[in-house]
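Fold and contact review
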Amino acid sequence: MRATTWAGRNKVEVRDVPDPKILNHRDAIVRITSTAICGSDLHLVDGYVPTMQDGDVLGHEFMGEVVEVGPGVDPGRLRAGDRVVVPFPIACGACAACAAELYSCCENSNPNAGIAEKMFGHPVAGIFGYSHLTGGFAGGQAQYARVPFADVGPIKIESDLTDEQVLFLSDILPTGYMGAEMCDIRSSDVVAVWGAGPVGQFAMDSARLLGAAKVIAIDKEPYRLELAEQAGHIPVNFEEVDVRSRLLELTGGRGPDKCIDAVGLEATHGSAHIAAYDRVKQAVRSETERPHALRQAILSCRSGGVVSVIGVYGGLLDKFPAGAWMNRSLTLRTGQCHVQRYMKPLLQRIERGELDPTRIITHTLPLDEAERGFELFKNKQDNCEKVVLKP
Amino acid sequence: MTRSVNRTTGHAGHEEMQRQGRRLGWLSLGLGVAQLTAPHTVRWISGVDDSARSRAVVSVVGVRELVHAAGLLTGRRKGVWAWTRVVGDAMDLTALGMAIAHRGGRRRRLVGVTGAVAGIAAVDLLTAVHATRAEHTSSAPAARSARKGESVELTATTTIRKPAPDVFAFWRDLENLPTFMAHLEQVRRTGDRTSHWSASAPFGKDVEWDAEIAEETPGERIAWRSTGKTAVPNAGTVWFTPAPDGESTEVNVALAYEIPGGAVGKAVAKYFGEEPHQQLDDDLRRLKQVLETGEVVRSDGAPWGKRARKEFPQRPAQPLSDAELEKGADA
């Protein structure tokens, strides 16, 4: 089959690889009909996530048709022919983490748990196409994928919704939603979201859905801010204005009640010297992150507010404003999304028309053009917001 | 998961020596850099006059300190490098003694510095003597030093979301152990309390032994040990405690192995060598997978279950070819 593979830092190649087979009793094989490139794929391609190997199949946002199930899959739960969206964290459904609905911290799904434990203190779940630290599972930017614990994760789509309407249930829609949910939003809240990429857009939509009075989008790409504005959010371009002053203006001097970091470890910054400081430290590996968005979110947030982090971090960061965090009673909440927890309620919201995930799709390409898709997305060319690939 | 490793011969002393060597290395680096970049300040602090000869001596000593630093910080045999510092100290004390004898000037400062150097010389001498002794009694990295006559003791623990009687029952059927313990090929029941065990490749093929259950408390504890003449005498205890959540079981395991001589000893030492605790930790992770999900989890990068961690760097995270699947089927 054809598959998008990691071929070294800054190199993506669509190659021929063997078709997947059942390895565990509860596996299913899915023929992929739609898949997407995620912002976190860029962290892998840019070389900021360790334990990638040449030939690793990328992709953790995918859906399709079940073509085969292992002998351990309950036919009442899943059978060949079902149309499914697959969540990116692989979860066993039986451990204490899964029982607590902390699916991205599943204790059993990562065969390389020992490595993850060294890096993070405790292991994390397996994830499709997302380095060997998270298990070394082949990803879904391919024609087929093996899905472990197929009776736990995948959600059946039985209505006539299009692929484009439901594909993002696999990651970015629940991720954005969880970012807003962690804010415990009240009707009086002003919510500021750093990053108007796909996850940021969904965090904004979710914040409004959960009742926020005002939602602010912070980015530097005019087309991304425009997309947020079209959806009714207030744009702030950090290259044109001072973010802190603008946020104070927009909130009567209070600062946003809730702040969401939808940027993560490769933040860019309006002032050159701070950007250079983090870039140099990252390049010489004395920090792995450029945490500018997180720093600014913490400093901007109203005292007693919540800073919710859904942008991806992988290692260690410098100049964390612990003083602001502690002295101003801020709550910091975060997590890789526990996608399985949100798929069903969000599917219902899509069916009821409360959320329109298709609004962020700007490019649809055949799988063989994945390389071009990565270029467009990474370099923000051609107003690229989200690339969907068709195998 | 938490674990501990104990060996009957400790290496704490050796590690302390390495640390002390490194500390002296950093001291040398600091002194060397100061003497080369701020020679005037160094001379002033030491109470040495400004003369062509003293300028040259301070620079030469600076270069020497950098050589010490390089040796102590990067060299494996810190003992030898510590002795070079002792020689250097002797030189410095001689030079300072000459300075005190011949120069009038800042005597008090000179005497103070001489006292400090003498103190450092004592530390250097002590370090050198200890490091030399340490090198004689133990070879470098502690992990590779499991040797004949030593015994390896390992402990590990995990929590499994099953009631204690279930976990006990699974373990008590010793024939289940090879499904999750990497070093076991097969365990065969030979009686109610006796069994025959054989090891798999990572532990050294062809190692077999008889074992008996020495003690058991149903639902709580099992202790077993090898019996008769065997190449690798070993014993183990596992105990099961209900976890505070009321539904899970805390599993604690303690294993002990006598490392024999010869090829078998080498294989066993190598198996436990690099990271002894990792093996048992991984065993328990697989036990948890088997009990909670039904089997050992496989990924494309680590498709071979028990052998997963033995093969890092892994194969790429892409599906296996038919040939690979066939080859690995018996793993």
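Everything numeric here is computed off the predicted structure, so don't read it as measured data.

**Quick notes on the overall build of chain A**
Scanning chain A from N- to C-terminus turns up 13 helices and 17 strands. For chain A, whose C-alpha radius of gyration is 20 Å, the value lies close to the compact-globule estimate of 21 Å for 391 residues. Dimensions of chain A along its principal axes, counting C-alpha atoms only, are 60 × 50 × 45 Å. The buried share of chain A, reckoned over its 391 residues, is 55%. Sequence-distant contacts in chain A: of pairs separated by 6 or more residues, those separated by 24 or more amount to 72%.

**Focus: the overall build of chain B**
Scanning chain B for helices and strands turns up nine helices and eight strands. The burial tally for chain B puts 33% of its 331 residues in the buried class. Residue pairs in contact within chain B that sit at least 24 positions apart in sequence constitute 59% of those at least 6 positions apart.

**Observations concerning the confidence of the model for chain B**
All names here are of chain B. The pLDDT averaged across chain B works out to 80; a share of 83% of its residues lies at or above 70. Every residue in residues 2–13 scores below 50 in pLDDT, and together they form 21 contacts with partners more than four places removed in sequence or on other chains. Of the regions scoring below 50 in pLDDT, residues 137–145 engages in eleven contacts with residues more than four places distant in sequence or in other chains. The ipTM assigned to the predicted complex is 0.91, against a pTM of 0.79.

**Notes on the interface of chain B and chain A**
Listed by partner, the interface residues are 30 residues for chain B and 37 residues for chain A. Looking at which element gives the most residues to the side of chain B that touches chain A, the answer is helix α8 (residues 276–293) of chain B, with eight residues. Looking at the side of chain B that touches chain A residue by residue, the class counts come to ten nonpolar, ten polar and ten charged.

**Comments concerning the environment of Val67 of chain B**
Mapped onto the elements, Val67 of chain B comes out in helix α3 (residues 52–74). Residues Val67 of chain B and Ala156 of chain B, spaced 89 residues apart in sequence, show a C-alpha to C-alpha distance of 44 Å.

**Here's the deal with the nonpolar core**
Core analysis: the largest hydrophobic core is formed by 127 residues, its most contacted members being Val30, Cys106, Val191, Val193, Ala203 and Ile260 of chain A. Every residue in contact with Val30 of chain A, bar those within four places of it in the chain, is listed here: Gly64, Glu65, Val66, Val67, Val84, Val86, Tyr144, Ala145 and Val147 of chain A. Counting 35 residues, the second largest nonpolar core, distinct from the first, contains Phe180, Val253, Tyr257 and Ile259 of chain B.

**Considerations on the sheet that holds strand β14 (residues 306–309) of chain A**
Residues and elements named next belong to chain A. Pairing is parallel in the open sheet, where six strands are placed in the order β12-β11-β10-β13-β14-β15. Of all strands in the sheet, those bounded by a partner on one side alone are β12 (234–237) and β15 (331–334). Across this sheet, the average inter-strand angle for adjacent strands is 20°, counted without regard to direction. Relative to β12, strand β11 (residues 214–219) is paired through four bridges, and the arrangement is parallel. Note that in β12 the partner of Ile216 across the bridge is Ile234. Packing against the sheet, helix α10 (residues 292–300) makes contact with β10 (190–194), β13 (258–261) and β14, and its axis sits at approximately 180° to β13.

**Let's talk about α10 of chain A**
Residues and elements named next belong to chain A. Across the nine residues of α10, eight count as buried, placing the element largely inside the fold. Taken residue by residue, α10 has His292, Ala293, Leu294, Arg295, Gln296, Ala297, Ile298 and Ser300 as its buried positions. Its buried side turned inward, α10 meets β10, α8 (243–250), β13, α9 (272–283), β14 and α11 (322–327).

**Some details on the pairing of strand β3 (residues 184–189) of chain B**
Residues and elements named next belong to chain B. Across five bridges, the pairing between β3 and strand β4 (residues 194–199) is antiparallel. The residue bridging Arg189 from the neighbouring strand is Ser195, located in β4. Linkage of β3 to β4, two consecutive antiparallel strands, is achieved through a turn of four residues.

**Structural notes on unusual backbone geometry**
All names here are of chain A. Positive phi, close to 60°, is recorded for Glu101, a residue that is not glycine. Even without being a glycine, Phe149 presents a positive backbone phi close to 45°. Within the element layout of this structure, Phe149 appears in the loop between β8 (144–147) and β9 (155–156).

**Brief notes about the pairing of strand β6 (residues 221–227) of chain B**
Residues and elements named next belong to chain B. Summarising the sheet, strand β5 (residues 208–217) and β6 pair through seven bridges and their orientation is antiparallel. Along β6, the bridge assignment pairs Thr217 with Arg221. Between β5 and β6, which follow one another and run antiparallel, lie three residues, and Gly219 among them has a positive phi close to 80°. Here β6 pairs with strand β7 (residues 234–242) via five bridges, running antiparallel.

**Some points on the packing of helix α2 (residues 39–46) of chain B against α3 of chain B**
Residue and element names in this part refer to chain B. Orientation of α2 relative to α3, taken along the N-to-C sense of each, is 105°, at an axis distance of 10 Å. Considering the angle they form, α2 stands roughly perpendicular to α3. Contacts between α2 and α3 involve Pro39, Val42 and Arg43 from the first element and Ser54, Arg55, Val58 and Ser59 from the second. Taken together, the residues of the contact of α2 with α3 break down into three nonpolar, two polar and two charged.

**Structural notes on the environment of Val243 of chain A**
Positionally, Val243 of chain A belongs in helix α8. Val243 of chain A sits 25 residues away from Ile218 of chain A along the chain, and the two C-alpha atoms are 8.0 Å apart.

**Focus: the packing of helix α5 (residues 172–181) of chain A against helix α6 (residues 198–209) of chain A**
Residues and elements named next belong to chain A. Orientation of α5 relative to α6, taken along the N-to-C sense of each, is 50°, at an axis distance of 7 Å. Comparing the axis directions of α5 and α6 gives the class oblique. In this structure, the crossing between α5 and α6 has a hand that is right-handed. Listed contacts from α6 to Ile172, Leu173, Thr175, Gly176, Tyr177, Gly179 and Ala180 of α5 are Pro198, Val199, Phe202, Ala203, Ser206 and Ala207. Residues belonging to the contact of α5 with α6 are distributed by class as follows: nine nonpolar, four polar and no charged.

Basis of the calculations
- Residues numbered from 1 in each chain as written.
- Chains lettered and ligands numbered in written order.
- Predicted model: local features only at pLDDT ≥ 70, side-chain atom pairs only at ≥ 80, totals over all residues.
- Helix = DSSP H or I, 4+ residues; strand = E, 2+ residues; numbered from the N terminus.
- Rg over C-alpha atoms; globule rule 2.2 N^0.38 Å.
- Buried ≥ 20, exposed ≤ 12 C-beta atoms within 10 Å, placed from the backbone.
- Contact = placed C-beta atoms within 7 Å.
- pLDDT = per-residue confidence, 0-100.
- Nonpolar A, V, L, I, M, F, W, Y, C, P; charged D, E, K, R; others polar.
- Core = buried A, V, L, I, M, F, W, Y, C linked by C-beta atoms within 7 Å.
- Pairing = 2+ DSSP bridges.
- Axes fitted to C-alpha atoms, helices over the stretch in contact; angles between N-to-C directions.
- Parallel < 35°, antiparallel > 145°, perpendicular 65-115°, else oblique.
- Left-handed = near helix turned anticlockwise from the far one by under 90°.

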